[in-house]
Structure formats: C-alpha cells, structure tokens
Amino acid sequence: MDLGVEKLKGIGPKTAEILKKYGIRTVRDFFYNLPRDYENYEKPVSIAEIKPGKIVIRGKIDSLSTRRAKRRNLLITEGVIRDKTGAIKVVWFNQSYRLRQFEPEKEYFFTGNFEFKNGRYSLISPSAILASDVDPISGISPIYVAHGKLKSSDFKRLINNSRAKFAEIPDLLPMVRPGTRKDALFFAHFPNTLKTAEKAREYLAYEELFELILAAKLNRQENNKLKATKIPFDVKKIKNFVASLPFKLTNAQRLASWEIFQDMQKETPMNRLLQGDVGSGKTMVAAMAAYEAILAGAQVAFLAPTAILANQHYENLRELFEPFKITVALLTGATKDKKSLKTNIKNGKINLVVGTHALLTDDTEFLGLDLVIIDEQHRFGVEQRQKLMLKSPADLAPHLLAMTATPIPRSLQLTLFGDLDVSILNELPQGRQSIQTTILKETETKEKLYPKIQEILSRLPDTKKHGKNARGQQIYWICKAIEDSEISEATSVKTRTRKLREIFPKCRVEFLHGKMKPTEKDAIMEQFADGKIDILVSTTVVEVGVDVPNATLIVIENAESYGLAQLHQLRGRVGRGASPAFCYFVTSGELTPSRRLRELEKSTDGFYLAEVDLKLRGPGEIYGSLQHGALDLRIASLSDTKLIHKAQIDVMKFLQDPKNMLKYSELMQGITKYQQITTLN
Ligand code: ADP
Ligand code: MG
C-alpha cells in the first residue's frame, strides 16, 4: 500500500506525475480515490416512451449549436438526441464545452430532467457519458473527479487495470470482520448495485471516523500531559475592568470569560475554542482573558490572519487597555522598527502583542508567553499555530484561546476535536440591526437592486462609527473571479468595477482582490473604512472579520457557487452599525434558488445555519464532503450520528488496550495526518 502509485499497471511516469500533483502518491491513495458519485443506467427509456421528470435515455446527438440568449450572460447550447424510436431537444445553459464533448455516431447515456420550457418539452442540462464506459451488466457507472488531464473515464480505465490488486489489501481496523476493508474498497469502485456501493462506503466512512476520533483522543491525552503557568482569577480587578467598559457584557460573554478564567487557573494548558457569530463580541472576551493573564505577570500574543484585522484589534485593544497601564504593540509585515520592538517583547516591556504571521518568525522571542489568542483560527495552518505555541518558556505550554465565527456543529466537535472545550457566544449585544436578505435573479438586478444601491448611497452615514469621508452609506459587492475568463461566465471584479462606474458615475468605486500586494490591499481597505470609497468590489478576501459599520449593503454575485458557511460570513460584513442592513444574493442562470440560499434568506443565526449546512450535505448524498481547514472528509458524513457513535465506542475499546497501538501500525501511522488537523495547539 505504501508503494508509489507508478508501481500499478498502466501508470507510467507521466500519469504518476499528474496524480502526485493531486495528492495521489501511493497505491493506498489511489485505491482511496473513490468515485464522486454513481450514475445508474440500468434502465434507459426509449424516446417514444418518455414522460416528464427525471429520465435516463441512450442515444446519439447531433445538430449542436450555441447561441447567446436575449438576456445577458446566458449561453444556450442546443441539440437533438435520437434513438430508434424518436428524437428530442436537449438544452444546456452556460456549458458551451458541450459543443466539443460529443463524437458523432457514438452512443451516450443522458440523465436529466425532461421539462416544459419556453414553449416545448426538452431535456434540460443532462449529464452525458459514453455508453461504452458503462458496465454492461450492472449498468452502474462510477464518476470520478477529473484531475488535470485525467478525466473520469481515465480513472475508470486505470482502476480497472488494478482490479486484481484489491485482493491484497490488508485489514486496517480491529472490531470488523476480516476482509471488510478490501471488499469495501473493491465495491466502492466496482459496485454491482447502488446498494453495494452504499454499503461499501458506509464501512469506509466508519473507518474514516474511527481514525479521526482516535486522533482527537490521542491529542487530548497528550495535551493533558503538558504543564502551563497557573493564572489566578482576580475577581476585584476584573470587576473594575468590566465596569470601565462603555457597554454591559452579554450573558454569553460573562459565561465564556468565566469558563476561560477557570481553565487558566489550572496547571494543564487551556485548550479552548470560543465560537461566536459575527459581531457577538469575541474580541472583548479575549481582551478579558488577556487582562487577567497580564495581571498575573504573563505576556500575551494575539494572532490575526490579516494585517487589516491585526491593525483593527491593535487599535481597539490599545485604547481599551490605556487606563490600565498595559503596553500593547503591533507586529505585522509593515511594522517599521521591528528590531527594537522585538527587543522589547523579549525583555518583557510589551505585555500584549497583536500581530500577523510576522509574529511567528524565529527571532520573535518572549520573556514569558503564557497565553496565546488566535482569531479566526481556521485561517491558520497547524504548523503556524504550533510555532507560536513553542514560544513559551522551556517545558511550559501557553494557554490557548482559539476563536472562530464559523460555528462547528456538535457532532463535528465530538469527532474532530475529541471532547474539545468550547465556549459559545449565542447572543448578540443589544441594539444590533437585523440583516434583510433577498435572493435575486441576475436579470432582475436593474429593476430591483440598482434603486436600492441609490438609496444606500444617499442615506446619512451610520452614526455610530463612520469614516469621516463617508458621503452616504457604503456597499460591498462580491464577485467570483478577478479577471474575465473563457471557462467562467461569472462577471469578474474588474469588469464589475468598470460597469458600476458607468452606471453610477458620481460614485467612488474601487476594487480589492487576493492577487494585489498586501500593502495595496491594506490601503484600499483603509480607504473603505475611512469612507473614501462608496462601493468596494471584491473577491471573498473581505470575508475575514473586517469591521466597517457604515457598510450596510452587500451584494454577492454568483451566490449559488459558494458554501453556506462562507455566504454567512460574507453577509456578516454588514449589519455592524446602528442602521438597518441588506444582503442581496444574485444568482445566474435559470435555476430556482437552492435550499442553501433559501435558508440564508430565512435566518441569520450562525448556529442554526451550521446545523442546516451539515444536514444539507448529509444523509441524502452519502458522500458529503467537508472542508475544515486542511480536513477534507472524503466519505464520512458528519451528520451521521449513529455511525459517529459507533466509531466513538469502538475507539474507546481500542484505547483500553495499549498493545493495540503497536499491533495496528498502519492505522497508527495513518492517523498522524488527522492528529495534525484535530489539534488546536
Ligand atoms: P466578533 O465576535 O465578530 O469578533 P467583535 O468582537 O468585533 O465581534 O465585536 C463587534 C462589536 O461589538 C465591536 O465594536 C465591540 O466593541 C462591540 N461589542 C462587544 N461586546 C459588546 C456588548 N456586550 N455590548 C455592545 N457592544 C459590544
Ligand atoms: Mg472578530
């Protein structure tokens, strides 16, 4: 299994090179590169017998052509599919590559909806596959994700070459029947019915969950062996500090900080995740933790994912701590006199240093780093977080407070992080404005969105905290791509900027994207915060916690192409001031809005949405994939609580016998990758 993938039949150096690029290095990786889905071509209907609804037909295609619809941005590709019994019209939207996909005279299976549209029945946007690629007996065809030049059909050919090799796959887990693993992998690639595929994947999901949970439990055990500085809870001083704030803490903030104070009094390092929706006031909780630690003589490092955010935190914390004689410093790539700053960090003159990745360099040394706070922790890689943790004095580990605005559903917490300590901010400070969310078709923007833009631009600036140069209220406009391209129909940041300047000539429109230099990005963001820009057209780089309360409208183009969590994050850029806020999801094409968008339209509760997200990706599609930092669960659905529960119980049994760790060496080796992901520190 550990042999290089080029050892398999039919995989030469060139193919191996491509596979490696996509993380498929070993024979094991190759076998675990499972089909993304299966199509069932068991029973195609003859065209003469078609009824409206989802259908599978087998036929040849001709008369293909593409035209632009009257409505902008819609490319229509049409053709005719024939079998012995008749012919039907087929239509694809914005898939002009279909023109080049088909060879005349070859037969294909088409799967899609046969619907009444624009005055007649057609097959709408079907998937299509060469008939000779389908297993003639089962009628089931696995579909693989294409990697570079390697298409799904190439993967099918390659895996078929290695069919005989599956028999040699060794067992991996205890507590399952011997041979389960090799059977499962085989039937995942060569199912004879959909049911067998499902069963195979269920075992593989269990295997994945077992590994994850085991990794998380081992991490926990290791954390408990570490020692940290005890930080006493100074009730009186904390009370004074809270009294000095311009607002009352929410109950959730009180509870979270109390949990943190309890943790920090202990000798084992705190390892706590603070979850709270955008705007729930996580920074204030972090500030109280920092204050407590500094009172005890500790130094605190506060890590933020971008220079913009680091700046913002620095300004806020400096102001907050000024009356308490606490020295706060900022360390980012742009910091001028790094050398003397680093000297002052090393000799302990600085109590709290806020910074970006620049904090992680080897020459940033501390006198006594006892608390590390990481904002938007999922934005950092494990190695980066570890670097910071290693800066505490010898044989001591710092307490860790990680923060995230992306709530992690309960089942995920259990699997990914063992029994991670979590504090939750589930209420927003009083007086927050709700965000009114609307889903719009692209064709409706002129009529429904432009007037709204005019209205926002002409409103009085938000009173709470607005840039001095603001003329009205401000707008974010999110685009999918930076530049126009052949493969995508999405309007790019640059084109959108140009168009908006044409439509709103008096309005100051600028753009922001990830390919700009950090200094350029910061400059634009600062101008926006100062109110010098009215509409900021941007890619998702603005997603991370930036605070511009005077921005009250966000438009997200191609909204259907983003995940639910990301859309929620983006939307959280507005609604941070005293004025009502608005979010428009603009969808392209003909499709009815997805459940994802409709849920977002209904709710702004991040915790509710996180559960919905999990469900939507869950049971229905057995292979829900979840991106959590570096984690990409290929098979397991994290809403499958039964399977999670079973895996948990089995892991507990496994850990009861220490000999198991030696006996199951492939398993123990395999979980190191998960151990990296499931650790906070
Ligand atoms: P997030 O959880 O998204 O990081 P922040 O910590 O940035 O939220 O807080 C958002 C805003 O709310 C800040 O301007 C902060 O000063 C303010 N804030 C925090 N706690 C409270 C509170 N209890 N009452 C009113 N405003 C608060
Ligand atoms: Mg924040």
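Everything numeric here is computed off the predicted structure, so don't read it as measured data.

Rules used in this analysis
Residues numbered from 1 in each chain as written. Chains lettered and ligands numbered in written order. Predicted model: local features only at pLDDT ≥ 70, side-chain atom pairs only at ≥ 80, totals over all residues. Heavy atoms only, no water. Helix = DSSP H or I, 4+ residues; strand = E, 2+ residues; numbered from the N terminus. Rg over C-alpha atoms; globule rule 2.2 N^0.38 Å. Buried < 20%, exposed > 50% of the residue type's maximum accessible area, 1.4 Å probe, protein only. Areas by Shrake-Rupley, 256 points an atom, 1.4 Å probe, with all protein chains shown as cover. Lys, Arg positive; Asp, Glu negative; His and termini not counted. Charge placed at Lys NZ, Arg CZ, Asp CG, Glu CD. Polar contact = N/O pair within 3.5 Å; in protein donor to acceptor, adjacent residues only side chain to side chain. Contact = heavy atoms within 4.5 Å. Axes fitted to C-alpha atoms, helices over the stretch in contact; angles between N-to-C directions. Parallel < 35°, antiparallel > 145°, perpendicular 65-115°, else oblique. Left-handed = near helix turned anticlockwise from the far one by under 90°. Nonpolar A, V, L, I, M, F, W, Y, C, P; charged D, E, K, R; others polar. Near = heavy atom within 4 Å. Core = buried A, V, L, I, M, F, W, Y, C linked by side-chain atoms within 4.5 Å. Phe/Tyr/Trp six-rings, centres within 6.5 Å; stacked < 30°, edge-to-face > 60°. Lys NZ or Arg CZ within 6 Å of the ring centre and 35° of its normal. Pairing = 2+ DSSP bridges.

## A short note on the overall build of the chain
Each helix and strand in the chain was counted, giving 23 helices and 22 strands. Rg of the C-alpha trace for the chain: 28 Å, near the compact-globule value of 26 Å for 681 residues, within the 12% margin. Counting only C-alpha atoms, the chain reaches 85 × 75 × 45 Å along its principal axes. Counting the 681 residues in the chain, one finds 53% classified as buried. Here the chain displays about 32,200 Å² of accessible surface, and carbon together with sulfur accounts for 52% of that area. If the 102 positive side-chain charges of the chain are averaged to one point and the 80 negative ones to another, these points end up 2 Å apart.

## Remarks on the side chain of Glu78
If you trace the backbone, Glu78 turns up in strand S3 (residues 75-83). Note on Glu78: relative accessible area 11%, which makes it buried. Looking at Glu78, its side chain comes within polar contact range of the side chain of Arg67, at 3.4 Å. Residues contacting Glu78, with those up to four places away along its chain left out, are Ser63, Leu64, Ser65, Arg67, Lys89, Val90, Val91 and Arg120.

## A closer look at the packing of helix H5 (residues 180-189) against helix H6 (residues 194-225)
Viewed as axis vectors pointing N to C, H5 and H6 meet at an angle of 130 degrees, and their least axial separation amounts to 8 Å. As judged from the angle between their axes, H5 and H6 are oblique. Regarding H5 and H6, the two cross each other, and that crossing is left-handed. Along the contact surface, H5 presents Thr180, Arg181, Ala184, Leu185, Phe187 and Ala188, while H6 presents Thr196, Ala197, Ala200, Tyr203, Leu204 and Glu207. For the contact of H5 with H6, the residue count by class is 8 nonpolar, 2 polar and 2 charged.

## Some details on the site of ligand 1
By nearness alone, 15 residues border ligand 1, and Lys248, Gly279, Lys282, Thr283 and Arg432 come closest of all. Between ligand 1 and Gln253, the relevant distance is 2.9 Å, taken from a nitrogen atom to a side-chain nitrogen or oxygen of the residue. In this structure, Thr283 approaches ligand 1 through a side-chain N or O atom, which is 2.7 Å from an oxygen atom.

## A word on the nonpolar core
Phe30 and Leu214 are the most contacted members of the largest nonpolar core, which totals 50 residues. Listing elements by their share of this core, those giving two or more residues are helix H1 (13-21), helix H2 (27-31), helix H4 (152-161), H5, H6, helix H20 (641-656) and helix H22 (665-670). Among the elements that make up this core, the one with the highest residue count is H6 (13 residues). If we ignore the near neighbours within four places in the chain, the residues touching Phe30 are Val5, Leu8, Ile11, Leu19, Ile24, Phe155, Leu158, Ile159 and His189. If you look at the next biggest cluster of nonpolar residues, it comprises 43 residues, including Ile238, Phe241, Leu317 and Leu352.

## Comments concerning the packing of aromatic side chains
Within the structure shown, the criterion is met by 26 aromatic pairs. Pairing Phe210 with Phe654 gives two aromatic rings, centres 5.8 Å apart and planes at 85 degrees, and the pair type is edge-to-face. Note that Phe210 is positioned in helix H6 and Phe654 in helix H20, a separation of 444 residues in sequence. Neither Phe210 nor Phe654 differs from the other in exposure class; each is buried. Three or more aromatic residues joined by ring pairs form one cluster here, namely Phe30, Phe31, Phe166, Phe186, Phe187 and Phe190. Positioned over the ring face of Phe190 is Arg163, at 4.3 Å from the centre of the ring. For Lys452, the ring lying beneath its charged end belongs to Phe582, and the centroid distance is 3.6 Å.

## Brief notes about unusual backbone geometry
The phi torsion at Asn94 lies on the positive side, around 50 degrees, for a residue other than glycine. Secondary-structure assignment places Asn94 in the loop between strand S4 (86-93) and helix H3 (98-101). A relative accessible area of 24% means that Asn94 is categorised as partly exposed. A positive phi is found at Lys325, a non-glycine position, where the angle reads about 55 degrees. Since its relative accessible area comes to 72%, Lys325 is described here as exposed.

## Re the pairing of strand S19 (residues 551-556)
Across the 6 residues that make up S19, a large majority, 6, are buried. Examined bridge by bridge, strand S16 (residues 474-478) and S19 share 5 bridges and lie parallel to one another. Looking at the pairing, Tyr476 lines up with Ile554 of S19. Both S19 and strand S20 (residues 581-587) contribute to a ladder of 4 bridges, which runs parallel. Each residue of the ladder has a partner; that of Ile556, found in S20, is Phe585.

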